[in-house]
Number of protein chains: 2
Amino acid sequence: MALIVQKYGGSSVADAESIKRVAKRIVDTRRAGHDVVVAVSAMGDTTDELLELAHDVAPIPAPRELDMLLSSGERISMALLAMTIHSMGFEARSFTGSQAGMITDSHHGKARIVDVTPVRLREALDEGAIVIVAGFQGFNRDTRDITTLGRGGSDTTAVALAAALNADVCEIYSDVDGIFTADPRVIPRARKLDRISSEEMLELAANGAKVLYIRAVEYARRHGVLIHARSTFSSAEGTYVLGEGMQAPRPSEGEAMEEPIVAGVATDLSQAKITVAGVPDVPGKAAEIFKIVAKSGANVDMIVQNVSAASTGRTDISFTLPKADASSAIKALAAEQSDVGFENLLHDDQIGKLSVVGAGMRTHSGVSAILFEALSAGGINIEMISTSEIRISVVLRGSDLAEAARTVHSAYGLDSEIEAIVHAGTGR
Amino acid sequence: MALIVQKYGGSSVADAESIKRVAKRIVDTRRAGHDVVVAVSAMGDTTDELLELAHDVAPIPAPRELDMLLSSGERISMALLAMTIHSMGFEARSFTGSQAGMITDSHHGKARIVDVTPVRLREALDEGAIVIVAGFQGFNRDTRDITTLGRGGSDTTAVALAAALNADVCEIYSDVDGIFTADPRVIPRARKLDRISSEEMLELAANGAKVLYIRAVEYARRHGVLIHARSTFSSAEGTYVLGEGMQAPRPSEGEAMEEPIVAGVATDLSQAKITVAGVPDVPGKAAEIFKIVAKSGANVDMIVQNVSAASTGRTDISFTLPKADASSAIKALAAEQSDVGFENLLHDDQIGKLSVVGAGMRTHSGVSAILFEALSAGGINIEMISTSEIRISVVLRGSDLAEAARTVHSAYGLDSEIEAIVHAGTGR
């Protein structure tokens, strides 16, 4: 008998039918003899609807009250899920973030978990109940106020519960079958991975893969939680995300003795590129520029500085950032143009980023050569390059991204023989 | 400077515009120098929608989970109201039932308040904040579970807060201007009362008047809370509900030195009549019948037993009960027909009940004569009569009820010179 934590996103509990399907799944796990703790998101678009209501009454909603408001979404879904299970003849009890002992700091809207004290959950488990916990929410011990964890909060709730309860596995359910070598909506021949290392998962998630949230994967890695990313629509095994020294419960059939060099290809169309042109090539200018950008609240990703043209003593600095952050960054930079002394600003929101991730890059040479050759053979121009220990990212024209991803996916031998089935919708 | 508790029902906070109107009202009270604590219901039809969702997933929702579900409705409205006030430049903080210290027994769906420990509310008030509390909900200290108070719960929340905080007045806002001598939708010439005694209010509420809930009035009476029933749509004074020895803050102009004999006329179309015909006229039969009816869960109101016809040794027993309870009561009685030995059952759901309420009945004779004369002059047949110390109720044909009420209202001299304005909607 194992202790299994399961997380279901908003699309998995969007209506009465979906809730019944999820309830059946939970009951099946219980019937198999396991203890079950479930973290659940708000139904479908509830959170967006509540946000809209908030903005209807207050231009900038008070953060404490916004958290109070948003946390009601998971109360609804968790109570409905618990009563559904109850009506199937199983004991189920729902708990809010505070009842579950999900203690956070006081940063409303993006609170971080500081402690998990699941006393009531343990009691309920000891009494044979299935435990349902509101994802995405916690409470602060000092202010005694409700908090929310921000994007991907329910994944983090599930992983944190798994860590605190020392669960055998944390199953994160979504509308896809697991982690793929690429987004199946972009590359139909993407292959489901049986397992992936958490460091590779983090790089993929940071570079556009959307199945798991970085924060949850980080938390799992730090606390030794085994994540199993799988589909609500299928009973097939998904993908195990393995931290250092971890092993998947069952090795997959015909598994190679060595890890593949490349785990996957991630694509990202959410970024824009800003070029600060004609920057005086003197020490400290980059620092000046990125201090201004940081102060505007923008989250810079890739940075490339061209070699200075000796004749002018000036250089260009390009960087990428989320499209939504671009206008405030440009405004901030433009306001300081004379102080910094650059010549002009260029804004490009038609870029795409392609990343190849693989732990094998550490020990294998020639991994980047395959990427560059494949893109060159496809006639695709590279605009920026950046690398980490286990990743190579390139910025391309956004219109080239899908084609580039297919080419590169093939070049690394990742193509599956069959096309993946893609379901609609995404969770929170 | 006073401490004022205000209660706003679901129709008062049905959408963003209504919430803004209520927020303005609260802020105006604060601007006038008062401390304000607000109890708020769920927005518009939220509770019904949540109930429907519950019944979509579970035929008989688990009571603990149903309370968890329903309590989310007030979280939404209170957070929205608090952020609206906040955006108007005033400090406002919302509190759930448990945060507000609303401690109840563990009867889910109809919990009773056992204690109110508003420590956090006092802190917030001391810090100058406007306090918003979720109506209708509390929590049980032993199970640490969320409970709901049942019908009229938000009124009770407001009164209980007023009692615990020793507030100067508890203002119950709704879509009508106060307590009327009759339902203005039935009798357009109904007159708003400036004040009414709580015992009269209880009789009116128990007999069909819908502005205030019995439970809240009882709680106010027991704890010496002054209720002021008034309209969300007007700044005019409403009706003060006075317990023993209480006085309205401002006596109304030209107020008589003595109370009027009759305070109001209540009408009720929600009841049905069951007649158990041909009951053997031997001791214990009535007890037998009403034990069966009680076991079926029905709430009996009026009971009338005819004089036995000496020739047959049999009698008829008629009683009224809520229409919704009638079919289960009939089923239960039919199952025991041979044991009880009655001849047959008659069911009549076309009745109407008219009640005249007035504390002056205690000291004035001839009050009932006015009623009977007025009905007789109108050619209206009386089917059942029952009385209490300060009330006379008669059962009539439902189709006669409105006309009867108008006639009786006039006969007691209650008609106003102008017709009342009636707003749509009702609160919880």
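Provided above is the structure to which this section pertains.
Before going into details, it helps to say that this report is about the structure given with it. (Residues numbered from 1 in each chain as written. Chains lettered and ligands numbered in written order. Predicted model: local features only at pLDDT ≥ 70, side-chain atom pairs only at ≥ 80, totals over all residues. Heavy atoms only, no water.)

**Quick notes on the overall build of chain A**
Move 1: Along chain A, the regular secondary structure elements total 12 helices and 20 strands.
Move 2: For 428 residues, the compact-globule formula gives about 22 Å, and the C-alpha radius of gyration of chain A, at 23 Å, lands near that figure.
Move 3: Relative to its 428 residues, chain A shows a buried fraction of 55%.
Move 4: Taking all contacts inside chain A whose residues are at least 6 apart in sequence as the whole, residues at least 24 apart take part in 74%.
Move 5: Split by element, the accessible area of chain A, about 18,100 Å² in all, is 50% carbon and sulfur.
Move 6: Chain A carries 41 positive and 56 negative side-chain charges, and their two centres are separated by 3 Å. (Helix = DSSP H or I, 4+ residues; strand = E, 2+ residues; numbered from the N terminus. Rg over C-alpha atoms; globule rule 2.2 N^0.38 Å. Buried < 20%, exposed > 50% of the residue type's maximum accessible area, 1.4 Å probe, protein only. Contact = heavy atoms within 4.5 Å. Areas by Shrake-Rupley, 256 points an atom, 1.4 Å probe, with all protein chains shown as cover. Lys, Arg positive; Asp, Glu negative; His and termini not counted. Charge placed at Lys NZ, Arg CZ, Asp CG, Glu CD.)

**A closer look at the interface of chain B and chain A**
Size of an interface: often given as the accessible area lost when the parts come together.
Move 1: Taken together, the contact pairs 42 residues of chain B with 42 residues of chain A.
Move 2: Summing both partners gives a buried area of about 3,400 Å² for chain B against chain A, and 63% of it is carried by carbon and sulfur.
Move 3: Considering only the surface of chain B that becomes buried against chain A, Val57, Arg75 and Met83 of chain B emerge as the three largest contributors, covering 21% of it.
Move 4: Linking chain B with chain A are four salt bridges.
Move 5: Between aspartate 145 of chain B and arginine 120 of chain A there is a salt bridge, with its nearest N and O atoms 2.9 Å apart.
Move 6: At the junction of chain B with chain A, the criterion picks out 18 residue pairs in polar contact (both at pLDDT 80 or more).
Move 7: Listed by contribution, the elements that provide at least two residues to the side of chain B that touches chain A are α1 (16–31), α2 (46–57), α3 (63–87), β3 (92–95) and α4 (119–126) of chain B.
Move 8: When residues in the side of chain B that touches chain A are grouped by element, the largest group, 17 residues, is from α3 of chain B.
Move 9: For the side of chain B that touches chain A, the residue count by class is 23 nonpolar, nine polar and 10 charged. (Buried area = accessible area lost by both parts, 1.4 Å probe. Salt bridge = Lys/Arg side-chain N within 4 Å of Asp/Glu carboxyl O. Polar contact = N/O pair within 3.5 Å; in protein donor to acceptor, adjacent residues only side chain to side chain. Nonpolar A, V, L, I, M, F, W, Y, C, P; charged D, E, K, R; others polar.)

**Considering the sheet that holds strand β6 (residues 130–134) of chain B**
Residues and elements named next belong to chain B.
Move 1: Strand order in the open sheet made by the eight strands is β3-β6-β2-β1-β9-β11-β12-β10, with mixed pairing throughout. The sheet is open, and its two borders are formed by β3 and β10 (195–197), each paired with just one other strand. Strand-to-strand twist across the sheet, computed as the mean angle between neighbouring axes with direction ignored, equals 20°.
Move 2: α1 contacts β1 (3–8), β2 (35–40), β6, β9 (169–174) and β11 (227–231) of the sheet and is inclined by roughly 170° relative to β1. (Pairing = 2+ DSSP bridges. Axes fitted to C-alpha atoms, helices over the stretch in contact; angles between N-to-C directions.)

**Some words on a negative patch on the surface**
Residues and elements named next belong to chain A.
Move 1: Taken together, the side chains of Asp45, Asp48, Glu49, Glu52 and Asp56 define an acidic patch exposed on the protein surface.
Move 2: Counting through the fold element by element, glutamate 49 comes out in helix α2 (residues 46–57).
Move 3: With relative accessibility at 49%, the residue glutamate 49 sits in the partly exposed group. (Patch = residues over 30% accessible without salt bridge, like charges linked within 9 Å, V, L, I, M, F, W, Y side chains within 5 Å.)

**Overview of the environment of alanine 164 of chain B**
All names here are of chain B.
Move 1: Looking at where alanine 164 falls in the secondary structure, it is placed in helix α5 (residues 153–164).
Move 2: A relative accessible area of 28% means that alanine 164 is categorised as partly exposed.
Move 3: Here the alpha-carbon distance between alanine 164 and threonine 117, two residues 47 residues apart in the chain, equals 7.4 Å.
Move 4: Residues in contact with alanine 164, not counting those within four places in the same chain, are Val116, Pro118 and Arg122.

**Some points on unusual backbone geometry**
Move 1: With a phi angle near 55°, arginine 144 of chain A is a residue other than glycine that sits in the positive phi range.
Move 2: Inspection of the secondary structure assignment puts arginine 144 of chain A in the loop between β7 (137–140) and β8 (146–148).
Move 3: You can call arginine 144 of chain A partly exposed: its relative accessible area is 36%.
Move 4: The phi dihedral of phenylalanine 136 of chain B is positive, around 75°, even though this residue is not glycine.
Move 5: Considering the arrangement of structural elements, one finds phenylalanine 136 of chain B in the loop between β6 and β7 (137–140).

**Some details on the side chain of serine 18 of chain A**
Residue and element names in this part refer to chain A.
Move 1: By the secondary structure assignment, serine 18 is in helix α1 (residues 16–31).
Move 2: A polar contact is formed between the side chain of serine 18 and the side chain of aspartate 15, at a distance of 2.6 Å.
Move 3: For serine 18, the contacting residues outside a window of four places in its chain are Ser11, Ser12 and Val13.

**What about the packing of aromatic side chains?**
Move 1: Applying the stated criterion across every chain, the model contains four aromatic pairs over all chains.
Move 2: Ring geometry for tyrosine 8 of chain A versus tyrosine 173 of chain A: centroids 4.6 Å apart, planes at 15°, classification stacked. Of this pair, tyrosine 8 of chain A sits in strand β1 (residues 3–8) while tyrosine 173 of chain A sits in strand β9 (residues 169–174), placing them 165 residues apart in sequence.
Move 3: Classification of tyrosine 173 of chain A as buried rests on a relative accessible area of 2%.
Move 4: A centroid spacing of 5.1 Å and a plane angle of 70° characterise the contact between phenylalanine 290 of chain B and phenylalanine 319 of chain B, whose relative ring orientation is edge-to-face. Here phenylalanine 290 of chain B, found in helix α8 (residues 285–295), pairs with phenylalanine 319 of chain B, found in strand β16 (residues 314–322); they are 29 residues apart in sequence, far enough to count as distant. (Phe/Tyr/Trp six-rings, centres within 6.5 Å; stacked < 30°, edge-to-face > 60°.)

**Considering the environment of leucine 69 of chain B**
Move 1: Along the chain, leucine 69 of chain B falls in helix α3.
Move 2: Relative accessible area serves as the criterion here: at 0%, leucine 69 of chain B is assigned to the buried category.
Move 3: Between the alpha carbons of leucine 69 of chain B and isoleucine 382 of chain B there is a distance of 45 Å; along the sequence they are 313 residues apart.
Move 4: Apart from the residues within four sequence positions on either side, leucine 69 of chain B is in contact with Ile76, Ala79, Leu80 and Met83 of chain A together with Leu50 and Ala54 of chain B.

**Some details on the pairing of β16 of chain B**
Residue and element names in this part refer to chain B.
Move 1: Relative to β16, strand β14 (residues 271–280) runs antiparallel, the two being bridged by eight bridges. From the neighbouring strand, alanine 272 faces β16, where its bridge partner is leucine 321.
Move 2: For strand β15 (residues 303–305) and β16, the ladder comprises three bridges, and the chain directions are antiparallel. Pairing of glutamine 305 across the sheet is with isoleucine 317, part of β16.

**As for the environment of glycine 44 of chain B**
Residue and element names in this part refer to chain B.
Move 1: For glycine 44, the position within the fold is in the loop between β2 and α2.
Move 2: On the basis of relative accessible area, glycine 44 is assigned to the partly exposed category, the value being 32%.
Move 3: The sequence separation of glycine 44 and isoleucine 172 amounts to 128 residues, and the corresponding C-alpha distance is 17 Å.
Move 4: Leaving out residues up to four positions away in the same chain, glycine 44 has contacts with Gly10, Val13 and Ala14.

**Points about the side chain of histidine 409 of chain B**
Move 1: Residue position: histidine 409 of chain B is located in helix α12 (residues 401–411).
Move 2: When near neighbours in sequence (up to four residues on either side) are disregarded, histidine 409 of chain B contacts Thr181, Ala182, Ile187, Arg189, Ala190, Arg191, Val265, Leu414 and Asp415 of chain B.

**A word on the relation of the copies chain B and chain A**
Move 1: Of the two same-sequence chains, chain B is brought onto chain A (RMSD 0.1 Å, axial shift 0.0 Å) by a rotation of 179°. Considering both components of the superposition, the chain copies are consistent with a two-fold axis. Scanning chain B for the C-alpha nearest the rotation axis identifies serine 72 of chain B, at a separation of 2.6 Å.
Move 2: The overlap is high: 100% of the interface residues of chain B also sit at the interface in chain A, so the same surface is used on both sides. (Least-squares fit on C-alpha atoms with pLDDT ≥ 70 in both.)

**Some remarks on the pattern of salt bridges**
Any two side chains of opposite charge can pair, on the condition that their charged atoms come close.
Residues and elements named next belong to chain A.
Move 1: A complete count under the given rule lists 50 salt bridges over all chains for this structure.
Move 2: A salt bridge links arginine 185 to aspartate 183; the nearest nitrogen and oxygen atoms lie 3.3 Å apart.
Move 3: What makes aspartate 183 partly exposed here is its relative accessible area of 27%.

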